[in-house]
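# Reading the structure
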Amino acid sequence: MSLEITKITANIGARVSGVDISRPLDAAAASAIREALNAHKALVFDDVHLDDDSQQAFVRHFGEVTTAHPTVSSIAGAPNVLPVDSERGRAANHWHTDVTFVLNPPQATTLRSVTVPPYGGETLIASSAAAYRQLPEPLRRLADTLWAEHTNDYDYAVPDEEIDAEQANQRAQFTSITYRTVHPVVRVHPLTGERGLFIGGFAQRIAGLPPAESRRILDLLQAYVTRPENVLRHRWSPNQLVVFDNRITQHYAVDNYDGLPRRLHRVTLAGDVPVGVEGKESHSVTGDASHYTSVAA
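Residues numbered from 1 in each chain as written. Predicted model: local features only at pLDDT ≥ 70, side-chain atom pairs only at ≥ 80, totals over all residues. Heavy atoms only, no water.

### Remarks on the overall build of the protein chain
Selection rule: Only DSSP runs of H or I reaching four residues or more are called helices, and only runs of E reaching two or more are called strands; each is numbered from the N terminus. Radius of gyration here is computed from C-alpha atoms only, and the compact-globule reference equals 2.2 Å multiplied by the residue count raised to the power 0.38. Note on exposure labels: buried denotes an accessible area under 20% of the residue type's maximum, exposed denotes more than 50%, and partly exposed covers the range between, all computed with a 1.4 Å probe on protein chains only. Contacts are assigned to residue pairs that have any heavy atoms within 4.5 Å of one another. Shrake-Rupley sampling with a 1.4 Å probe provides the accessible areas, and residues are treated as covered by the protein chains on show and by no other component. When charges are tallied, Lys and Arg are placed among the positive residues and Asp and Glu among the negative ones, while His and the ends of the chain are skipped. To locate a charge, take atom NZ for lysine, CZ for arginine, CG for aspartate or CD for glutamate.
When its secondary structure is counted, the protein chain shows 6 helices and 16 strands. For the protein chain, the C-alpha radius of gyration of 18 Å lies close to 19 Å, the compact-globule estimate for 297 residues. A buried classification covers 52% of the 297 residues belonging to the protein chain. Long-range pairs, those at least 24 residues apart, make up 82% of the contacts in the protein chain with a sequence separation of at least 6. Here the protein chain has roughly 12800 Å² of accessible surface; of this, 51% comes from carbon and sulfur atoms. Averaging the coordinates of the 27 positive side-chain charges in the protein chain and doing the same for the 35 negative ones gives two points 5 Å apart.

As structure tokens, this is what we get:
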């Protein structure tokens, strides 16, 4: 193995070469990739030759895979693979961490390029660890004490009257089971001990505060996550795989490709229950996601 790790930006992202991830990894290679993910939060693999089966096999080197999604349908015949398709709700794009409305969101997400538009369609990935480090001390102390309710049932940026029937059906499927979970606003990464802002689009309310005050605080913290210096802007090419640590990043799919075909396949790694700075775990309010994911040790 001649695995090479090349940083892409100062705060997030590295390119990985020198390993064929379409083949079974030995323990040393898997460990090196995990360490690189811990350090850089997002990894880019170029010129990979994967299909749905081999993408899942790669993810399984690091733990159990989830099913595709708690409410959204998978690819036919591949229950663990979610199509991220330009025809399945481009208008819903927003900064988020995957599936934080369940008790144990995925610990990592992999996206594989299947159809790439000739321009646009980038994926932005932000480091919530860098955001936390940049908070002024008084704001950091406040964030350490806060908890937020995450839900898949929220007010979308696009009003109901501006969506068509197909988009309305997609939205109804997404919210067919209502989930509400309370997570720490500052999550401690179980492998590195780093603290990161665990918020994003599914975080709708600060526990103990009314909606208006909640939104002001969440928007203030979110502005640190999406600072340009904390964001990797990934331009997709054919035959790429991107892996990001879902415990300490957020991401956003940019709708700037004029409705041209764009398709990625997503496979996620089962995660643990988030823990805050005082050692307390998240707790579920509504919704059972046991059909979607096991709880990682």
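Right, picking up where we left off after that structure.
### Structural notes on helix 4 (residues 137-145)
Under the convention used in this document: Note that the arc is defined by the directions from the helix axis to the C-beta atoms.
Residues of helix 4 that are buried include every one of Leu139, Ala143 and Asp144, and no others. Down the axis of helix 4, the smallest arc covering the buried residues is 140 degrees, so these residues share one side. Facing away from the buried side of helix 4 by more than 90 degrees, the exposed set consists of Pro138 and Thr145. For helix 4, the secondary structure elements touched by its buried residues are helix 3 (128-134), strand 9 (186-188), strand 10 (195-197) and helix 6 (211-225).

### Brief notes about helix 1 (residues 27-40)
To keep it simple, the criterion reads: Under the convention used throughout, the expected extent of a helix is 1.5 Å for every residue step, that is, one less than its residue count. In protein, a polar contact means a hydrogen-donor-capable atom and an acceptor-capable atom, both N or O and within 3.5 Å, with residues adjacent in sequence counting only if both atoms are side-chain atoms; elsewhere, any N or O pair within 3.5 Å suffices.
Taking 1.5 Å of rise per residue, the 14 residues of helix 1 would be expected to cover 20 Å, and the 20 Å separating its terminal C-alpha atoms lies within 8% of that figure. Burial in helix 1 covers these residues: Ala29, Ala30, Ile33, Arg34, Ala36, Leu37, Asn38 and His40. Of the residues flanking the start of helix 1, the one acting as N-cap is Asp26, its side-chain oxygen 3.2 Å from the backbone nitrogen of Ala28.

### A few points about the nonpolar core
Stated formally: Definition of nonpolar core: a set of buried residues of the types Ala, Val, Leu, Ile, Met, Phe, Trp, Tyr and Cys, connected through side-chain atoms within 4.5 Å.
Core analysis: the largest hydrophobic core is formed by 26 residues, its most contacted members being Ile33, Leu43, Phe45, Phe58 and Leu241. Within the residue set of this core, elements represented by two or more residues are strand 2 (14-17), helix 1, strand 3 (42-45), helix 2 (52-59), strand 13 (241-245) and strand 15 (263-269). Sorting elements by how many residues they give to this core places helix 1 first, with 5 residues. With near-sequence residues (within four places) excluded, Leu43 lies in contact with Ala14, Val16, Ile33, Ala36, Leu37, Leu241, Val242 and Val243.

### Section: the pairing of strand 5 (residues 108-115)
Stated precisely, the cut-off is as follows: Think of it this way: DSSP has to see at least two bridges between two strands before they count as a pair.
For strand 5, a buried count of 6 out of 8 residues is recorded, marking the element as mostly surrounded by other parts of the structure. As defined by bridge partners, strand 5 adjoins strand 13 across 5 bridges and the pair is classed as antiparallel. When the bridges of strand 13 are listed, Thr109 appears paired with Phe244. Of the pairings in the sheet, the one linking strand 5 to strand 15 comprises 7 bridges and is antiparallel in character.

### Regarding the sheet that holds strand 6 (residues 123-127)
Defined as follows: Between the N-to-C directions of two axes lies an angle of 0 to 180 degrees, each axis being a line fitted to C-alpha atoms and, for a helix, fitted only over the stretch in contact.
Reading across the sheet, the 3 strands line up as 12-6-14 and stay open at both edges, with antiparallel pairing between neighbours. Strands with a single pairing partner mark the edges of an open sheet, and in this sheet they are strand 12 (231-234) and strand 14 (249-253). Sheet twist, expressed as the average angle between the axes of neighbouring strands with direction ignored, equals 20 degrees.

### Here we look at unusual backbone geometry
Despite not being glycine, Asp47 has its phi angle at roughly 50 degrees, a positive value. Here Asp47 is to be found in the loop between strand 3 and helix 2. In this structure Asp47 comes out as exposed when scored by relative accessible area, which is 57%. Not every positive phi belongs to a glycine, and Asn239 is a case in point at roughly 60 degrees. For Asn239, the position within the fold is in the loop between strand 12 and strand 13. Judged by its relative accessible area of 35%, Asn239 falls in the partly exposed class.

### Some details on the pattern of salt bridges
The following threshold applies: Salt bridge, as applied in this entry: a Lys or Arg side-chain nitrogen positioned within 4 Å of an Asp or Glu carboxyl oxygen.
For the coordinates displayed, the defined rule picks out 16 salt bridges. Here Arg112 ties to Asp52 by a salt bridge, and the two come within 2.5 Å at their closest N and O atoms. Of the two residues, Arg112 is situated in strand 5 and Asp52 in helix 2; the sequence distance between them amounts to 60 residues. Each member of the pair Arg112 and Asp52 is classed as buried. Note that Arg140 and Glu137 form a salt bridge whose closest N and O atoms lie 2.9 Å from each other. Placement of both Arg140 and Glu137 in helix 4 is noted, with a separation of 3 residues, approximately one turn of the helix. When salt bridges that share partners are traced, they join Arg187, Asp245, Arg247 and Asp272 into one network.

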